[in-house]
Amino acid sequence: MSATRVQVVPGGPVLVSGPVRIEMPDGGVVESDRFMVAVCTCRRSEDYPLCDTSHRRCRRTARG
């Protein structure tokens, strides 16, 4: 059995090689059959736990 690839994107989602089945704390289940699934880590996504790129709209710029 091969290992599942998981990639942490700095300031972004966690990318998981799909398909995936995500079990939520409330007992709900979210499934995706895509080859790569972005799991939200900022909790701003309207499609949580899947990422909808909401983190991009709220990035802070570096101050010099």
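Here's what I pulled together on the structure shown here.

The rules behind these values
Residues numbered from 1 in each chain as written. Predicted model: local features only at pLDDT ≥ 70, side-chain atom pairs only at ≥ 80, totals over all residues. Heavy atoms only, no water. Pairing = 2+ DSSP bridges. Helix = DSSP H or I, 4+ residues; strand = E, 2+ residues; numbered from the N terminus. Axes fitted to C-alpha atoms, helices over the stretch in contact; angles between N-to-C directions. Polar contact = N/O pair within 3.5 Å; in protein donor to acceptor, adjacent residues only side chain to side chain. Contact = heavy atoms within 4.5 Å. Core = buried A, V, L, I, M, F, W, Y, C linked by side-chain atoms within 4.5 Å. Buried < 20%, exposed > 50% of the residue type's maximum accessible area, 1.4 Å probe, protein only.

Let us look at the sheet that holds strand β5 (residues 36-39). If you walk across this open sheet you meet the three strands as β1-β2-β5, and the pairing is antiparallel. Edge strands, defined here as strands with exactly one partner in the open sheet, are β1 (6-8) and β5. In this sheet, adjacent strand axes meet at a mean angle of 20 degrees when their direction is disregarded. Pairing analysis gives three bridges linking β1 to strand β2 (residues 14-17), with the strands arranged antiparallel. Considered in β2, the bridge of Val6 is made with Val16.

Tracing the backbone through its elements, the reader meets Ser54 in helix α1 (residues 54-57). In this structure the side chain of Ser54 is engaged in a polar contact, spanning 2.5 Å, whose partner is the side chain of Asp52. Every residue in contact with Ser54, bar those within four places of it in the chain, is listed here: Arg44 and Ser45.

Right, let's talk about the nonpolar core for a bit. Val14, Val16, Val20, Ile22, Val37 and Leu50 together form the largest nonpolar core, which totals six residues. Broken down by secondary-structure element, the contributors of at least two residues to this core are β2 and β3 (20-23). Residue contacts for Val14: discarding those within four places in its chain leaves Val6, Gln7, Val8, Val37, Ala38, Val39 and Thr41.

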